[in-house]
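Listed below are the residues making up each chain.
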Amino acid sequence: MGIRTGAQYINGLKSRQPEIWLSGRRVTHVCDEVVFQQPIREIAKLYDMQHDPEYQDRITHICAETGERVNNAFLVPKTHEDLQARRALFEAYAKATFGLMGRTPDFLNVVLTSLFSNASFLEKYDPQWAENIRAYYRYIRDNDLFLTHAIINPQNDRSKSSHEQQDLFTHLGAVRETPQGLIVRGAKMLATLAPITDEVIIYSFPGFKPGDERYALAFAIPIDTPGLRILCREPMQDGTRSLFDHPLASRFEEMDAVLVFHDVLVPWDRVFLYNNVEAANLLYPKTGIAQQPAHQTGVRGLIKLQFATEVAVRLADSIGVDVYLNVQNDLGELIQSVESIRALLRIAEQECDVLPSGEIMPGWVPLETIRGLLPKMYPRAVEVLQIIGAGGLLMSPTGADFANPELAEDMEKYYAGRSGISGKERVRLFKLAWDLCGEAFGQRLLQYERYYTGDPIRKRAIFYNNYKRERTFDMVDEALSVLDLNELVAKA
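Numbering of residues starts from 1 in every chain and runs along the sequence as written. Under the rules for a predicted model, residues below a pLDDT of 70 receive no local features and side-chain atom pairs below 80 are neither given nor counted, while totals for whole chains, interfaces and linings still include all residues. Water and hydrogen atoms were dropped before computing side-chain values, which therefore reflect all heavy atoms in the structure.

An unreviewed UniProt entry annotates the protein chain as 4-hydroxyphenylacetate 3-hydroxylase originating from Brevibacillus thermoruber.

And the structure:
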């Protein structure tokens, strides 16, 4: 089939009835649930972009294997031009969502493409695993499906490994084998957008210990598989808020969920890894499922940070406070943060790693640097928005106030900004800023960015250890060698 339309994506959602729980009740038809309706429309727009002449040649390509047009997320980069083709997709989707949706379809499709292109890693453990992931990649590619994933264990007792938890199946693990497949039980999080996706892929961060064999799993199943329960977090918006009052929260709410597996059957042809601690611990470094999607993460993070910075600049301008040195300093800091991420992305794309297969991966040092900086830069952008907006962020009227003729004079007189900025224009800017920096929606975005790729402290420690392992720090020896030279001169 190749690329889907937005309507085909929505029809796919309507054809299934996954077990979704929201605010204590079961959702029977996800497309009719008001909380999900606008996010579904936003994802549908991304699918429609694939058919838009303005975007099609930039974000899709003709698959050499099938002759069908497919999304660039399924492109295995072998040249710098391929890398740029993927970058064009990441930018287009990020700009369409202002970088606020962290799990648009391109993200996990890049992960799956990395698993496919490096499936040879799995062959030495079980050739069938490699064959399964290759077949699954082709299935998702050719049907243009939307994946969620859940790779983190529930926050129960973090001081103990999976097999040491009070209940053997608190964390997702294998119960038994059957002729049809593997029976799994337990929970995983954080399945972003799970209620409005087609399938879920499960794998885990490294860190398995002897005794954790039953939890060393990687597989994929349809989101409506019997026994799979989706427990949604509390919504950040009720689906009825106006675009005027909440221009972002009303559109880009990404539902997160805990996935609970009640003795779910995973067919053998959907199992990619099982009962092997070594393979599970090496899955990330050996398949590129951290490095390749970090490219998408970096582009999306750049757009999100740029958007927050542009909102801060326009906010300051609207009330004339950007004439003050302290405000200029803060805004200059944000702009330099944006340009730093932009430069790091360009370096990553130029300083590529080439695998024996010929696959190109953007450089890991600049990509990991981005991953280390964004959890600090984005919260800082939110803080600057809060500082610039000050009390004005707490005093905005509603769209209904502007619609009432009796209040029109007061709305314009007391809510106007600097000369040339009407009351309505200023309030709309402040509401946009409040969605980013004050609303529950915005706080979720901030927390999401802090922990987007895991614990930032642990990630930076891993980065340091890998960096130290690969480098010799020769300049230190060169600087110290002058002492040896001076000693030789003195002896002469």
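Peer 1: Could you clarify how one ought to interpret the UniProt feature "domain: HpaB/PvcC/4-BUDH N-terminal" (unreviewed entry) in the protein chain in this entry?
Peer 2: UniProt positions are given in the numbering used here, feature names are shortened, and annotations may be inferred rather than shown by experiment. Cross-referencing UniProt, the feature "domain: HpaB/PvcC/4-BUDH N-terminal" (unreviewed entry) maps to residues 5-273 in the present numbering. Counting from the N terminus, the helices are DSSP H or I runs at least four residues long and the strands are E runs at least two residues long. Secondary structure content for residues 5-273 is 30% helix and 22% strand, while the C-alpha to C-alpha distance between its ends is 33 Å.

Peer 1: Sorry, what's going on with helix α9 (residues 291-318) here?
Peer 2: With 28 residues, α9 should cover 40 Å at 1.5 Å per step; its first-to-last C-alpha distance of 40 Å lies within 8% of that length. When a residue's accessible area, from a 1.4 Å probe over protein chains only, is under 20% of the maximum for its type it is buried; when over 50% it is exposed; and in between it is partly exposed. In terms of burial, α9 is largely enclosed, as 23 of its 28 residues are buried. Just downstream of α9 lies G320, where phi reads positive at about 70 degrees. Helix span is expected to be 1.5 Å times the residue number reduced by one.

Peer 1: How should the packing of helix α4 (residues 80-96) against helix α10 (residues 325-350) be read in this particular structure?
Peer 2: For any two helices packed against each other, the geometry comes down to the angle between their axes and how far apart the axes lie. Where helices are involved, their axes are fitted lines through C-alpha atoms of the stretch in contact, as for all axes, and angles between N-to-C directions lie from 0 to 180°. At a minimum axis separation of 10 Å, α4 and α10 run at an interaxial angle of 145 degrees. Of α10, the residues touching α4 (which contributes H80, L83, Q84 and R87) are L345, R346, E349 and Q350. A per-class count over the contact of α4 with α10 returns two nonpolar, three polar and three charged. Whether two residues are in contact is decided by their heavy atoms, any of which lying within 4.5 Å being enough. As a working rule, the residues Ala, Val, Leu, Ile, Met, Phe, Trp, Tyr, Cys and Pro are called nonpolar, Asp, Glu, Lys and Arg charged, and the rest polar, with Gly in that last group.

Peer 1: Would you take a moment to explain a nonpolar patch on the surface for this structure?
Peer 2: A cluster of nonpolar side chains, F473, V476 and L480, forms an exposed patch at the surface whose accessible area comes to about 280 Å². Relative to the helices and strands, L480 is located in helix α17 (residues 474-491). Its relative accessible area of 48% is what places L480 among the partly exposed residues. A residue counts toward a patch only above 30% relative accessible area and without a salt bridge, and it is joined to like-charged neighbours within 9 Å or, for Val, Leu, Ile, Met, Phe, Trp and Tyr, to nonpolar neighbours within 5 Å. Each accessible area value is a Shrake-Rupley result obtained with a 1.4 Å probe; residue values ignore everything except the protein chains displayed when judging cover. Take a side-chain nitrogen of Lys or Arg and a carboxyl oxygen of Asp or Glu: if they are within 4 Å of each other, that pair is a salt bridge.

Peer 1: For this particular structure, what's the right way to read the nonpolar core?
Peer 2: Burial of nonpolar side chains together is a common tendency in soluble globular proteins. In plain words, nonpolar cores are sets of buried Ala, Val, Leu, Ile, Met, Phe, Trp, Tyr and Cys residues tied together by side-chain atoms within 4.5 Å. Among the nonpolar cores identified, the biggest contains 132 residues, and F36, Y203, F261 and L436 are the most heavily contacted of them. Here F36 is in contact with L22, V27, V30, P195, I196, C232 and M255, once residues within four sequence places are set aside. Among the nonpolar cores identified, the runner-up in size contains five residues, and F402, M411, Y415 and V427 belong to it.

Peer 1: How do you make sense of the UniProt feature "binding site: FAD" (unreviewed entry) in the protein chain when you look at a structure like this?
Peer 2: The sites that UniProt annotates as "binding site: FAD" (unreviewed entry) are H149, A150, I151, Q155, N156, D157, R158, T192, D455, P456, I457 and R458. In terms of the greatest pairwise C-alpha distance, the residues named above, spread along 310 residues, do not form a single cluster, extending to 22.8 Å across. Within the secondary structure, N156 is located in the loop between β5 (147-150) and β6 (173-177). Setting aside anything within four residues of it in sequence, one finds N156 in contact with Q165, T170 and H171. Residue placement: T192 occurs in the loop between β7 (181-188) and β8 (199-202).

Peer 1: Explanation requested: the pattern of salt bridges in the structure shown.
Peer 2: A side chain with one charge can pair with a side chain of the opposite charge if their charged atoms come near. All chains considered together, the criterion is met by 33 salt bridges. Between K45 and E42 there is a salt bridge, with its nearest N and O atoms 3.4 Å apart. Taken together, the residues K45 and E42, both in helix α2 (residues 34-49) and three residues apart, mark about one turn of the helix. With a relative accessible area of 42%, K45 lands in the partly exposed category.

Peer 1: Just to check I follow, could you spell out the sheet that holds β6 for this structure?
Peer 2: The strands making up a sheet associate through backbone hydrogen bonding, with each pair oriented either parallel or antiparallel. The strand order β2-β1-β10-β11-β7-β6 describes an open sheet built from six strands, whose pairing is mixed. One side of each edge strand has no neighbouring strand; the edge strands of this open sheet are β2 (25-27) and β6. Taking the axes of each pair of neighbouring strands and ignoring which way they run, one obtains an average angle of 20 degrees across the sheet. In this analysis, strands are considered paired if DSSP registers two or more bridges between them. Across five bridges, strand β10 (residues 228-232) lies against strand β11 (residues 257-267) in antiparallel orientation. Following the sheet pairing, C232 is matched in β11 by A257.

Peer 1: Help me understand the sheet that holds β8 in this model?
Peer 2: Taken in spatial order, the four strands make up an open sheet running β5-β8-β9-β12, and their pairing is mixed. The sheet is open, and its two edges are formed by β5 and β12 (271-274), each paired on a single side. On average, each strand axis in the sheet is inclined to that of its neighbour by 20 degrees, with strand direction left out of account. The sheet contact formed by β8 and strand β9 (residues 217-222) spans four bridges and is antiparallel. The residue bridging I201 from the neighbouring strand is A220, located in β9. Contacts between helix α5 (residues 105-117) and the sheet are confined to β5 and β8, with β5 contributing the most and set at about 75 degrees to the helix.

Peer 1: Looking at this structure, how should I read the packing of aromatic side chains?
Peer 2: Aromatic ring pairs are reported here in terms of the distance separating the ring centres and the angle at which the planes meet. Pairing of aromatic side chains here covers Phe, Tyr and the six-membered ring of Trp, requires ring centres within 6.5 Å, and sorts the geometry by plane angle: under 30 degrees stacked, over 60 edge-to-face, intermediate tilted. Under the defined criterion, the tally for this structure stands at 17 aromatic pairs. Seen in terms of ring centroids, Y203 and Y284 are 6.1 Å apart; in terms of plane orientation they differ by 55 degrees. Their pairing is tilted. Of this pair, Y203 sits in the loop between β8 and β9 while Y284 sits in helix α8 (residues 277-287), and the two are 81 residues apart along the sequence. By relative accessible area, Y284 is classed as buried at 13%. Centroid distance F244 to F402: 5.8 Å. Interplanar angle 50 degrees. Geometry classified as tilted. Residue F244 is located in the loop between β10 and β11, and its partner F402 is located in helix α12 (residues 399-403); the two are separated by 158 residues in the primary sequence.

Peer 1: Is there a simple way to explain the state of the cysteines in this structure?
Peer 2: Put plainly, a disulfide is one covalent bond tying together the sulfur atoms of two cysteines. Working definition: a disulfide is two cysteine sulfur atoms within 2.5 Å of each other. In this structure the tally under the stated criterion is zero disulfides. C31 carries a free sulfur, and the closest cysteine sulfur to it, the one in C232, is 14 Å from it.

Peer 1: For this particular structure, what's the right way to read the environment of F261?
Peer 2: By secondary structure assignment, the location of F261 is in strand β11. Accessibility expressed as a relative area gives 1% for F261, which makes it buried. C-alpha separation for the pair F261 and V200, spaced 61 residues apart in sequence, amounts to 12 Å. Not counting chain neighbours up to four residues away, the residues in contact with F261 comprise L172, V184, R185, G186, I202, F219, I221, G227 and L228.

Peer 1: Would you mind going over the environment of L273 with me for this structure?
Peer 2: Residue placement: L273 occurs in strand β12. Considering only alpha carbons, one finds L273 and P105, 168 residues apart in sequence, at a separation of 23 Å. Once residues within four sequence positions are removed from consideration, L273 is found in contact with L122, W129, A216, L217, A218, A279, A280 and L283.

Peer 1: Can you walk me through unusual backbone geometry in this structure?
Peer 2: With the exception of glycine, most residues fall at negative phi, and the peptide bonds are largely trans. At the junction of M189 and L190, the peptide bond is cis and its omega measures out at 10 degrees in the coordinates. Mapped onto the fold, L190 is located in the loop between β7 and β8. Of note in this structure, A390 is not a glycine but carries a positive phi near 45 degrees.

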